[in-house]
Amino acid sequence: MTVSICIGSSCHIKGSNQIITRLQQLVSEHDLEEKIRLQGLFCMGLCQSGVNVTVDDVHHSVSPDTVDEFFRNVILAGIEA
Ligand code: FES
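The rules behind these values
Residues numbered from 1 in each chain as written. Predicted model: local features only at pLDDT ≥ 70, side-chain atom pairs only at ≥ 80, totals over all residues. Heavy atoms only, no water. Pairing = 2+ DSSP bridges. Helix = DSSP H or I, 4+ residues; strand = E, 2+ residues; numbered from the N terminus. Expected span 1.5 Å × (residues − 1). Buried < 20%, exposed > 50% of the residue type's maximum accessible area, 1.4 Å probe, protein only. Arc of directions from axis to C-beta. Polar contact = N/O pair within 3.5 Å; in protein donor to acceptor, adjacent residues only side chain to side chain.

**Q** Residue-level account of the pairing of strand 4 (residues 58-61), with values.
**A** Pairing geometry for strand 3 (residues 52-55) and strand 4, over four bridges, is antiparallel. Note on strand 4: the bridge partner recorded for valine 53 is histidine 60. Adjacent in sequence and paired antiparallel, strand 3 and strand 4 are bridged by two residues, among which aspartate 56 carries a positive phi angle near 45°.

**Q** An account of helix 2 (residues 16-29) is needed here, citing residue identities and associated values.
**A** With 14 residues, helix 2 extends 20 Å from end C-alpha to end C-alpha; this agrees with the ideal 20 Å at 1.5 Å per step. Ser16, Ile19, Ile20, Leu23, Leu26 and Val27 are the residues of helix 2 that are buried. Seen along its axis, helix 2 keeps its buried residues to an arc of 130°; they face one direction. In helix 2, the exposed residues that point more than 90 degrees away from the buried face are Gln18 and Glu29. Phi turns positive, to about 55°, at aspartate 31, one or two residues after helix 2.

**Q** An account of the environment of threonine 21 is needed here, citing residue identities and associated values.
**A** Relative to the assigned elements, threonine 21 resides in helix 2. For the pair formed by threonine 21 and aspartate 57, sequence separation is 36 residues and the distance between their alpha carbons is 21 Å. A distance of 2.9 Å separates the side chain of threonine 21 from the backbone oxygen of asparagine 17, its partner in a polar contact.

**Q** Explain unusual backbone geometry to me, and be specific about the residues and the numbers.
**A** The amide bond that connects glycine 50 to the next residue, valine 51, takes the cis arrangement and shows omega of 10°. Residue position: valine 51 is located in the loop between strand 2 (37-41) and strand 3. One non-glycine residue, aspartate 31, adopts positive backbone phi at about 55°. Tracing the backbone through its elements, the reader meets aspartate 31 in the loop between helix 2 and strand 2. Accessibility expressed as a relative area gives 63% for aspartate 31, which makes it exposed.

See below:
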């Protein structure tokens, strides 16, 4: 699974760094380093719905407040599926 987090300036202002840091923590807490690749991406052209994150090319809108929920509902659920 590839998780790409937008690090363009608009998403950066909305907290993409915090999201990356938190996702790195969650991935390592769940021992998923081998299954999940986290990467930064430049502006996806969807700045208004940022922070934009894609999971295997499916778009999601995530904020620092919803990152734990996103990890549980999208990433963990996707890995277990
Ligand atoms: S800065 Fe993230 S979509 Fe534009």
